Amino acid sequence: MITATEVPAAEGGTPVRASFLVFGKPLVGAEEIAEVEDTLRSGWLGRGPKTERFERDFAAYIGARHAIALNSGTAGLHLALNALGIGPGDEVLTTPLTFAATANSVTHVGATPIFVDVDRRTGNIDPAALERSITPYSRAIIVVHLYGRACNMRAIHDIASAHKLPVIEDAAHAVEMRYDGLAPGRLGDIAVFSFYVTKNMTTGEGGMLVTDDDEIEEKVRVRSLHGLSRDAWKRYSSDGFKTYETMYPGFKYNMTDIQASLGMHQLRRIEANLTVRDAHWRTYAQAFTGVTALRTPCEDDSSRHARHLFTIELNLERLRISRDGFVDALKAENIGAGVHFTPLHTHTYYREYFAGREWDLPNAEYIGERTVSLPLSAALTKDDVLDVVAAVKKICSYYRR
Ligand SMILES: *Cc1c(COP(=O)(O)O)cnc(C)c1O
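Keep in mind that this is a model prediction, so the values were computed, not measured.

Student: Could you clarify how one ought to interpret the site of the ligand in this entry?
Tutor: Around the ligand there are 15 residues in total, and Gly73, Thr74, Asp170, Ser194 and Lys199 lie nearest to it. With respect to the ligand, the side chain of serine 194 contributes an N or O atom lying 2.7 Å from an oxygen atom. Separating an oxygen atom of the ligand from a side-chain N or O atom of lysine 199 is a distance of 3.0 Å. With the chains in place, 93% of the 390 Å² that the ligand exposes on its own is no longer accessible. If you map the ligand onto the pockets, it falls in the largest pocket. Looking at the shell around the ligand, the elements that each hand over two or more residues are helix H3 (73-83) and helix H4 (100-108). Taken together, the residues of the shell around the ligand sort by class into 5 nonpolar, 8 polar and 2 charged.

Student: Honestly, the packing of aromatic side chains in this entry has me stumped. Any pointers?
Tutor: Here a ring pair, both rings aromatic, is described through the centre-centre distance and the interplanar angle of the planes. Within the structure shown, the criterion is met by 18 aromatic pairs. Taken together, a centroid distance of 4.9 Å and an interplanar angle of 85° make the contact between phenylalanine 354 and tryptophan 359 edge-to-face. When sorted by exposure, phenylalanine 354 lands in the same class as tryptophan 359, which is buried. Chaining the aromatic ring pairs together yields one cluster made of Phe115, Tyr349, Tyr350, Tyr353, Phe354 and Trp359. Sitting over the face of the ring of tyrosine 366, arginine 120 holds its NZ or CZ atom 3.7 Å from the ring centroid. One residue, arginine 357, lies across the ring of tryptophan 359, its end atom 4.2 Å from the ring centre.

Student: Help me out: how do you make sense of unusual backbone geometry in this one?
Tutor: It is generally the case that most residues other than glycine have a negative phi and that most peptide bonds are trans. Each neighbour pair has its own omega, and for histidine 340 with phenylalanine 341 the value is 10°, a cis peptide bond. For phenylalanine 341, the location among the structural elements is in the loop between helix H10 (323-332) and helix H11 (348-353). The backbone of lysine 164 sits at a positive phi, close to 55°, despite the residue not being glycine. Within the secondary structure, lysine 164 sits in the loop between helix H6 (153-162) and strand S5 (167-170). Notably, aspartate 180 is not glycine yet its phi reads approximately 50°, a positive angle. Position of aspartate 180 among the secondary structure elements: in the loop between S5 and strand S6 (190-194).

The rules behind each value
Residues numbered from 1 in each chain as written. Predicted model: local features only at pLDDT ≥ 70, side-chain atom pairs only at ≥ 80, totals over all residues. Heavy atoms only, no water. Near = heavy atom within 4 Å. Polar contact = N/O pair within 3.5 Å; in protein donor to acceptor, adjacent residues only side chain to side chain. Areas by Shrake-Rupley, 256 points an atom, 1.4 Å probe, with all protein chains shown as cover. 1 Å grid on protein atoms, 1.4 Å probe; cavity = no way out; pocket = protein on both sides within 12 Å on 5 of 7 lines; lining within 4 Å. Sits in = over half its atoms within 2 Å of the grid points. Helix = DSSP H or I, 4+ residues; strand = E, 2+ residues; numbered from the N terminus. Nonpolar A, V, L, I, M, F, W, Y, C, P; charged D, E, K, R; others polar. Phe/Tyr/Trp six-rings, centres within 6.5 Å; stacked < 30°, edge-to-face > 60°. Buried < 20%, exposed > 50% of the residue type's maximum accessible area, 1.4 Å probe, protein only. Lys NZ or Arg CZ within 6 Å of the ring centre and 35° of its normal.

Structure, rendered in structure tokens:
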């Protein structure tokens, strides 16, 4: 028997929450605010000592030789491909179940993204499908540690070395992920992180490229700042004016000290915030046990999940609404939700770019039609999480088929 309070807000019932719960709300502390103020008062707003310190701190946290701070994760992906010398005529193998930037970066260097299907259980790139997709034109692999879960790096490493292909890790979801105790950047040749507002740590906009390779580091560092000779940013510092040369027609991709002021403190709290999100994750996983209209993420991993996104997979055969209808119904309950992701080969640009090409990506399509991301920020309280649980259960039971 459905009572008045169990009618979804989308059908005229009362919303679970009185105020809207923002999806991917960042947690910014007093330390960040004080640090930004200090930077603004210092008169040095561009790349400077705080960015250098943030790079050192981040490299130490990852356990990598080099970390280069950038103004976005997308810039990092572009620079990674550029530094590897990938260009027109080359193919880069990647997953379609990712954010547009992953494949766009391949397009930025004039190469062609080749979409490889994913494992239906994890959403991560399927090594067997990866191996089948290699051609004489393959030049690199970009893996995405989807939602914060490690890809099967042992299998990917074996395939990559057999075919002498460099591996770029799109680690936008995965700052805290560990695989055999190793962080992204230690598993492939290059890892790229994003500090966009909704990510596990934020600098407003920002990114970091990590590598152990000295040659790649040199190229990326120079090309991230117009292609000027190393340390050209110091040309206006107290070290005195230094002449510099253009070594390469580079990009304007550097991070600023204002952004680094946020990043330094976000990094300091990264493990504490992971603990909070892990608790929220467990609350969801327990609360949804036995709800037949959805499936919760698999939990059989030995690697450490970075807990970036908690996704539910809708059992559409058991529901009278579509996935998009489900997201709208959550919104009506005042819960912000997301879709990660609609597979890229179905987006307008890539559909037209690859016009006539038949893709074999059934698992990416399956997940793309059913996935819903629930709020999972360290800024959420336990009551916020319980509101989400109540809203999801209400929608599942009302629309049950
Ligand atoms: C956020 C994201 C990016 C892009 O990062 P930006 O910092 O926004 O440029 C790339 N790949 C994935 C998987 C992402 O989620």
